[in-house]
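Given next are the chains, with one letter for each unit.
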Amino acid sequence: AVVSTQSTGITGKLVTSTDIDIIFSKHKPKGGRTITIKEFGLILDELAAKRFPKKGSAEEQKAAIRELIQGKGPGTSGTTKTVKAGGTERLTDTSKYTGSHKERFDESGKGKGLGGREELVENTGYVGNYKGADTYDKSH
């Protein structure tokens, strides 16, 4: 059903999103929600015959539908856009964070991940803030 987005240009007078759903259901495994690349090719071939009935051969129809969707991905209709209104800009500016929250981000504002959230323990045998680690002269 991802193919049926308006950005690909497959849907129209001859092919509706219902047609695409029916063809998809016919080719997908029973109880499954995904298809393989081979099954996707079969779906495209079936859609080509419906979308381009006046093209001469089946090969011309297949080439035409592949050219139609080439370089296009799934559409994003109905998704929420990011809004920078009100206090959002101020609240998401990591340079203004203080305290333990500041430790979670590097200078560029990129998150440090788990290392920024947890106090990772180094089992060196020294206490936490000891500065002279590994300076003991072993000749004694």
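Quick caveat: nothing in here was measured; it's all calculated off a predicted structure.

*Asks:* Just to check I follow, could you spell out helix α2 (residues 37-51) for this structure?
*Replies:* Along an α-helix, a turn takes 3.6 residues, which lines up residues three or four apart on a common side. With 15 residues, α2 should cover 21 Å at 1.5 Å per step; its first-to-last C-alpha distance of 20 Å lies within 8% of that length. Buried within α2 we find Glu-39, Gly-41, Ile-43, Leu-44, Leu-47 and Ala-48. Buried residues along α2 sit in contact with α1 (17-27) and α3 (58-69).

*Asks:* Please clarify how the packing of α2 against α3 should be interpreted in this entry.
*Replies:* Angle between the axes and distance between the axes are the two parameters that describe a pair of packed helices. Remark: α2 packs on α3, axes separated minimally by 8 Å, with the N-to-C direction vectors making an angle of 105°. As judged from the angle between their axes, α2 and α3 are roughly perpendicular. Here α2 contributes Phe-40, Gly-41, Leu-44, Asp-45, Leu-47, Ala-48, Ala-49 and Arg-51 to the contact with α3, which in turn contributes Gln-61, Lys-62, Ile-65, Arg-66, Leu-68 and Ile-69. Taken together, the residues of the contact of α2 with α3 break down into eight nonpolar, two polar and four charged.

*Asks:* For this particular structure, what's the right way to read the side chain of Asp-19?
*Replies:* With respect to the secondary-structure elements, Asp-19 resides in helix α1. For the buried Asp-19, which has no salt bridge, the nearest side chain bearing the opposite charge is Lys-50, at an N-O separation of 4.1 Å. Of note is the side chain of Asp-19, whose polar atom sits 3.1 Å from the backbone nitrogen of Thr-16.

*Asks:* I'm lost on α1 in this one. Help?
*Replies:* Those residues of α1 lying buried are Asp-19, Ile-20, Ile-23 and Phe-24. Buried residues of α1 fall within an arc of 130° about the axis and therefore sit on the same side. Structural note: α1 exposes Ile-22 and Lys-26 on the side pointing more than 90 degrees away from its buried face. Taken together, the buried residues of α1 touch α2.

*Asks:* Would you mind showing me how to read the confidence of the model for the chain here?
*Replies:* Close reading of the predicted structure is inappropriate where its pLDDT is low. On average, residues of the chain score 77 in pLDDT, and 83% of them reach the 70 mark or higher. Element-level pLDDT for the chain is lowest in helix α6 (residues 114-117), with a mean of 66, against a maximum mean of 86 in α2.

*Asks:* Which parts of the structure should I look at to understand the nonpolar core?
*Replies:* Burial of nonpolar side chains together is a common tendency in soluble globular proteins. Ranked by size, the top nonpolar core spans 13 residues in total, and within it Ile-10, Val-15, Ile-20, Ile-43, Leu-47 and Ile-65 carry the most contacts. Elements that contribute at least two residues to this core include exactly α1, α2 and α3. Looking at this core element by element, the count peaks at four residues for α2.

*Asks:* Hey, could you run me through the packing of α1 against α2 in this one?
*Replies:* With their axes 10 Å apart at the nearest point, α1 and α2 run at an angle of 140° to one another. Considering how the two elements wind past one another, α1 and α2 form a crossing that is right-handed. Here Asp-19, Ile-20, Ile-23, Phe-24, Lys-26 and His-27 of α1 lie close against α2, whose contacting residues are Glu-39, Leu-42, Ile-43, Glu-46, Leu-47 and Lys-50. Looking at the contact of α1 with α2 residue by residue, the class counts come to six nonpolar, one polar and five charged.

*Asks:* I tried to follow the pattern of salt bridges on my own but got confused; where do I start?
*Replies:* Think of it this way: side chains of opposite charge can pair up when their charged atoms draw near. Inspection of every chain in the model, using the stated rule, returns four salt bridges. Between Asp-45 and Lys-62 there is a salt bridge; the shortest N-O distance is 3.9 Å. Of this pair, Asp-45 sits in helix α2 while Lys-62 sits in helix α3; the two residues are 17 residues apart in sequence, bridging distant segments of the chain. Note that Lys-62 is salt-bridged to Glu-59, the shortest N-O span being 3.9 Å. Of the two residues, Lys-62 and Glu-59 are both situated in helix α3; the distance of three residues between them amounts to about one turn of the helix.

What counts and what doesn't
Residues numbered from 1 in each chain as written. Predicted model: local features only at pLDDT ≥ 70, side-chain atom pairs only at ≥ 80, totals over all residues. Heavy atoms only, no water. Helix = DSSP H or I, 4+ residues; strand = E, 2+ residues; numbered from the N terminus. Expected span 1.5 Å × (residues − 1). Buried < 20%, exposed > 50% of the residue type's maximum accessible area, 1.4 Å probe, protein only. Contact = heavy atoms within 4.5 Å. Axes fitted to C-alpha atoms, helices over the stretch in contact; angles between N-to-C directions. Parallel < 35°, antiparallel > 145°, perpendicular 65-115°, else oblique. Nonpolar A, V, L, I, M, F, W, Y, C, P; charged D, E, K, R; others polar. Lys, Arg positive; Asp, Glu negative; His and termini not counted. Salt bridge = Lys/Arg side-chain N within 4 Å of Asp/Glu carboxyl O. Polar contact = N/O pair within 3.5 Å; in protein donor to acceptor, adjacent residues only side chain to side chain. Arc of directions from axis to C-beta. pLDDT = per-residue confidence, 0-100. Core = buried A, V, L, I, M, F, W, Y, C linked by side-chain atoms within 4.5 Å. Left-handed = near helix turned anticlockwise from the far one by under 90°.

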